[in-house]
Structures are given as structure tokens and as C-alpha cells.
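Per-entry structural report
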Amino acid sequence: MTLLELDHLVVRYGQAVAVDGISLTVGAGERVALIGPNGAGKTSVLNAVCGVVRPAAGRVRIDGRDLTGATPAAVVRRGISQVPEGRHVFATLPVEANLLLGAYGRVFSLEIVSSTLRYVRSRREVRERLDRVYELLPKLHELRDRPAGRTSGGEQQMVAIGRALMAEPRLLAIDELSLGLAPVLVQQLAEFLLRLNEQGVAILLVDQSASLAFSLCERAYVLETGRVVLEGPSGDLAGRSEVRSAYLGGASGGPS
Amino acid sequence: MTTFFQLVVVGISTGSVFAIVGMSLVLVYRATGIVNFAQGVFAVLAGLLTYSLGKHMSLPLAAVLATLVTAVVATLVAVVAVGIRGRTTHLASLIITVGIAILAEAVLLAAFGEVPRSYSAVSDRAWDIGGVLVQPQYAVLTVVALAAAVGLTLFLRHTIVGQALVASADSPRAAELIGLNLRSVAVIAFAVAGALTAIGGVLLAPTVPVAYSSGLSITINGFAAAVVGGLASIRLALLGGYALGVVEQLVIGYVDPQYNLIIALVVMLVLIGWRSRGELAV
């Protein structure tokens, strides 16, 4: 079944149209990329999916169920977690607290007492999940007591990914994985995402780097000024001349 | 010399109240980014409620009830200040709390009258330490302020609810994305801070009578204490409260009692001016 389906989604900020009728799907366990220049509406698509902005028109469906305009908490509980652009770690809290909050956020509701009890009761399960995240990202275990704001950019990206994983998502939406990171770090994170995907977690990658998107994802959508202008398997798109000239800097790139 | 020590002792006692209010302001600011200018009202409300309820029941029971009622009022203030959808800007929220503080004076005047109220302290007998009189109430205030500082620090650092409050201030966007509800977070912060300030007010009234109009000066003194740590540090708000209390008493004793509130304002303005190049952006 289709995990995530966007149906003619429109996002407006006042008069400005950021997303102009985009339709796309992500299947369970799939790896899909959204690429396009700055201002193409990529982040707005993710924000509409995650409940941060309310779409002006169109539908967001998760497992076929309508979640248009749902709260971020409801989307997290349905199994979609976002790693925001610029990481946004909780800077003054230790790395481990950042991770645990990912699990707490998933059970959080308006009623604090009951949601905290729910979290405390699932303490052992949360601990096991934490150990799994530490196993996947051993670096985080080393850094667990350090304030997240005092770690490097790559480490913060790991914290943000680990925090999202603590909510046990079926789909991880990542906004600008490569932004501001050294290529070797991006390569490591990409390999990590592939391993994660093998365990069944679907990936929706938003990135300005088309070469990263094509090498990591099976399918891609190319966005321009709020519309999908091209879509298809990464291999096909990477071969098209208009994509090569616009996003891959001429002859370089392509799927590895 | 005895006068000096006497003033210091009284200063630490009143400073404890500034510290308690200051730490409450820090808690709310750290969790929500809002400076709550109605914070001092909670101390007044709790003090006047304890006085009124105390006529019908034992004083300790009245104090506990007054604290609980004040915490509930604080959650209502949170909902009004943050907005039903939790999307009011911080500046708008701040102005709303100023409005609530002004409105509250009128409500308190109508409900409790204009006479400043006081009631008996934990004990009437003062300890005489080398000529310096120490009221047991002073000791209670100081211990409560210290306990609150330790408790709040542990709460924010080591409990998941406290960490959720800090997280919401560190990055509201990420806090929302992991599923935290910013309005719930604000309500917890206001309720805990409201209860703490209420305890301060309940303990203050036996040493300094409180009236409907006392809220503003309590807020200003608490704010001056909190600004010492840039509104971000519980520990520095505690130290700021003590320092401010002592300095104010020394000026009252040696210079002129009228300068009382001016000192807090001067401290506040100097610190804000000094810090505004750096992290503090109120």
C-alpha cells in the first residue's frame, strides 16, 4: 500500500504560492527524492506533510487515511518523522536527552500527566530503542552526555536523525541532508540511510544536490516553482540532458 | 555594625522572595520565550487568598489552598497569553501579560479591598544572634528559595517533562516536529512558576503586608534578579535575588527608604544595557 500520498497539494503563504498542485507517492520501504532549486517548494511540501503548515488545497494521505491539516504530533504517531533543515538540535540538552525526547514526543498529548505516565511505563522499550539507535550510530553513544549544541555539524545531523528514529518512523523525511557538511560525512550518512532502508524504513530525501539524491534514491521528483516538472526512476532522470545541465553541472554525476 | 548585619539579614529574607519570583520568570522564559509581567500578581493573589481563607480555616490549609488556586489561575493566564492555537508571537504575549497585570490590580482591589494584609508568621519569637534579630520566617523564606533553586534545576535537567520545556525553548520548530505541543508546554511552565511564586507570596505576607497594588514592584524586583542571569539561569536568578535584597535594605537603612524600587530599576537597566550586545534580547 502507498505509505504517503500527496494529491494536488497547494501551499500558500498569504498571496505567494509555494506549492502549486503537487501530487506524489512514497511506498512502504521506498527511497524517494525531491530535488529542485531554492524556492521550488521542497521544504513547503515537507511542512505540509508534517502538519507544520496547513495546505490551502489538496490532500495528504498516510496509509490511505486523510491527514490533511493534522497536527505534527498526529503525523509522528502515524509513522512519519522529519529531520528538519539546519538540524535544529536541542542545543543546551545532552545528546541522550535529545534522543529520549524523540520517544517522548511520540506519546505526548495535551494531557501531560497521562502522556508522561505512558512514557515512563514504556521505559524499558524506550531504552531498547535507544540502544538500537546507539548501535546504528555509535558516535552518539560516545557523545551522549555532551550538550548537542557543542557537537560538530555532522554530529548534529546524526543527533537529529537519531531523535527522529526514536519515534520509530516508517518514513523518514530528511530536509537537506548534505547542507553544510563535508562530502565524506555526507557519504557516511548516505550509507547509513541505505542500511536503515534495508530494515524497512522508507526515505523521502529533499536535497539540492541531485547527485546525492540520484545515488541514494530509487525514484525522484524534480520541482520547479511549486510544480513537478519531471519524475521517474533516478537512472532515467540522471540521463536526461535538461536535468544534467540544470542539476548535475554538465557531464559529472549520475548514479553510482 | 549590628545595624549592618540586621539589614543584611532582612535583605536576604526579602531577596529570597525576589529570587523566587526571578526563578519563576526564568522558568517561563526558558520554556516559552515569554516574559510574564503578571508574575508578581500571583504572589499577591496567593497572599491575599491566604489571609481571607485563613479566617475560616487553619493558616497552613489556607496557604496550600491559595497556592493551588493560584496555580490554576496561572494556567488560565498561560492560555490567554499563548493563545488557543499557541501561535501568538512572543512580543504580543508579553504585552498581553502586561494587560493582565493591570487588569488584575482592579480585580484584586474589587475582591480584597485596598487594605494591605498580613497574618501571623511561622513563629512570633525571633532569634537573637549577637544583637541581630532573626525572624524564623526569614529562615523559612531563605530555605524555600534555596530548595526551589535545587528543585527547579533538577527538574529541568533530569526529568523528561523539564527537558521538554527546555527543548521547546531551544528549538520550537524541532519541538513541534517531534510531537510536543507548545501550548501544553507553556501551560506546564506557567503552572509550576505560578505555584512557586504563590509560595513566595504566602511566605512574604507575614513579613511585609501585601496589597492589591504590590504586584508590580514584586514583578520588577523579580525581573531585576532574573536579568542577572540573562533570564536563562536559575542559579544566577537566585544569587541576583539575594544581592538585590541586601543592596536594597542597605540603601533603605543608610540612605533613604524611597529609593527602594529605583534600585531594582537601575540594576535592571544597567544589566540589560550591558548584556544587550550579547545574548539577551528581550
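Cut-offs used in this document
- Every chain is numbered on its own, with residues counted from 1 as its sequence reads.
- Think of it this way: whatever chain is written first is A, whatever ligand is written first is 1, and the rest follow in order.
- Confidence filtering applies because this is a predicted model: local features only for residues at pLDDT of at least 70, side-chain atom pairs given and counted only at 80 or more, and all residues used for totals across whole chains, interfaces and linings.
- Only hydrogens and water are removed before side-chain values are computed, so all heavy atoms of the structure are retained for them.
- To qualify as a helix, a DSSP run of H or I must reach at least 4 residues; to qualify as a strand, a run of E must reach at least 2; elements of each kind are numbered from the N terminus.
- With a 1.4 Å probe rolled over the protein chains alone, any residue whose accessible area is under 20% of its type maximum counts as buried; one over 50% counts as exposed, and the rest are partly exposed.
- N or O atoms closer than or at 3.5 Å make up a polar contact, with two conditions inside protein: a donor-capable atom paired with an acceptor-capable one, and, for residues adjacent in sequence, both atoms drawn from side chains.
- By definition, residues are in contact when any of their heavy atoms lie within 4.5 Å.
- Throughout, nonpolar core names a set of buried Ala, Val, Leu, Ile, Met, Phe, Trp, Tyr and Cys residues whose side chains join them through atoms within 4.5 Å.
- Should a side-chain nitrogen of Lys or Arg be within 4 Å of a carboxyl oxygen of Asp or Glu, the pair is scored as a salt bridge.
- Put simply, Ala, Val, Leu, Ile, Met, Phe, Trp, Tyr, Cys and Pro go in the nonpolar bin, Asp, Glu, Lys and Arg in the charged bin, and everything else, Gly too, in the polar bin.
- Scored from 0 to 100, pLDDT records how confident the predictor is in each individual residue.
- Lines fitted to C-alpha atoms define the axes here, with helix axes fitted over just the stretch in contact, and angles between the N-to-C directions of these axes take values from 0 to 180 degrees.
- Note: crossing handedness is left-handed where the near helix turns anticlockwise from the far helix by less than a right angle, and right-handed where it turns clockwise.
- Note on pairing: DSSP must find at least two bridges between two strands before they are called paired.
- A crossover counts as right-handed when, viewed with the strands pointing away from the observer, the path leading from the first strand over the helix to the second turns clockwise.
- Two cysteine sulfurs form a disulfide in these notes if their separation is within 2.5 Å.

1. Structural notes on the side chain of S44 of chain A
Residue and element names in this part refer to chain A. Take S44: it is sitting in helix α1 (residues 42-49). According to the relative accessible area criterion, S44 is buried, its value standing at 8%. For S44, the side chain forms a polar contact with the side chain of Y13, separated by 3.1 Å. Among residues more than four places away in sequence, those in contact with S44 are V11, Y13, A18, V19 and V53.

2. Looking at the nonpolar core
Generally speaking, soluble globular proteins have nonpolar side chains that are buried together. By size, the foremost hydrophobic cluster in this structure holds 138 residues, and its most contacted members are Y104 and L172 of chain A. Ranked by residue count, the leading element in this core is helix α1 (residues 2-32) of chain B, at 11 residues. Once residues within four sequence positions are removed from consideration, Y104 of chain A is found in contact with I112, S115, T116 and Y119 of chain A together with I160, V161, A164 and L180 of chain B.

3. Digging into the interface of chain A and chain B
Of the residues lining the interface, 28 residues belong to chain A; the matching set on chain B comes to 23 residues. Viewed at the interface, chain B and chain A are joined by zero salt bridges. At the boundary of chain A and chain B, one finds six residue pairs in polar contact (both at pLDDT 80 or more). Taken together, the elements giving at least two residues each to the side of chain A that touches chain B come down to α2 (72-77), α3 (95-107) and α4 (112-121) of chain A. In terms of residues, the side of chain A that touches chain B owes the most to one element, α3 of chain A, which gives seven residues. Residues belonging to the side of chain A that touches chain B are distributed by class as follows: 18 nonpolar, eight polar and two charged.

4. Quick notes on the confidence of the model for chain A
Considering every residue of chain A, the mean pLDDT works out to 90; 96% of them sit at 70 or more. Across residues 250-256 of chain A the pLDDT falls below 50, and counting only partners more than four positions away or on other chains, this stretch makes nine contacts in the model.

5. Here's the deal with the packing of helix α6 (residues 160-170) of chain B against helix α8 (residues 182-204) of chain B
Residue and element names in this part refer to chain B. Packing of α6 against α8 brings their axes to within 10 Å, and their N-to-C directions diverge by 115°. The interaxial crossing formed by α6 with α8 has left-handed handedness. Of the residues in α8, those touching α6 at V161, L165 and S168 are L182, V185, I188 and A189. Residues belonging to the contact of α6 with α8 are distributed by class as follows: six nonpolar, one polar and no charged.

6. Here we look at the pairing of strand β7 (residues 171-175) of chain A
Residue and element names in this part refer to chain A. With five of five residues buried, β7 is to be regarded as a mostly interior element. In this structure, strand β6 (residues 80-83) lies alongside β7, joined through four bridges in parallel fashion. Among the inter-strand pairings, I80 is bridged to a residue of β7, identified as L171. With helix α8 (residues 183-198) bridging β7 and the parallel strand β8 (residues 202-207), this β-α-β connection has right-handed handedness.

7. Some points on the state of the cysteines
All names here are of chain A. One pass over the full model with this rule turns up zero disulfides over all chains. You can see C50 has no disulfide; the closest cysteine sulfur is in C217, sitting 16 Å from it. Residue class for C50 comes out buried when judged on its relative accessible area of 3%. What makes C217 buried here is its relative accessible area of 4%.

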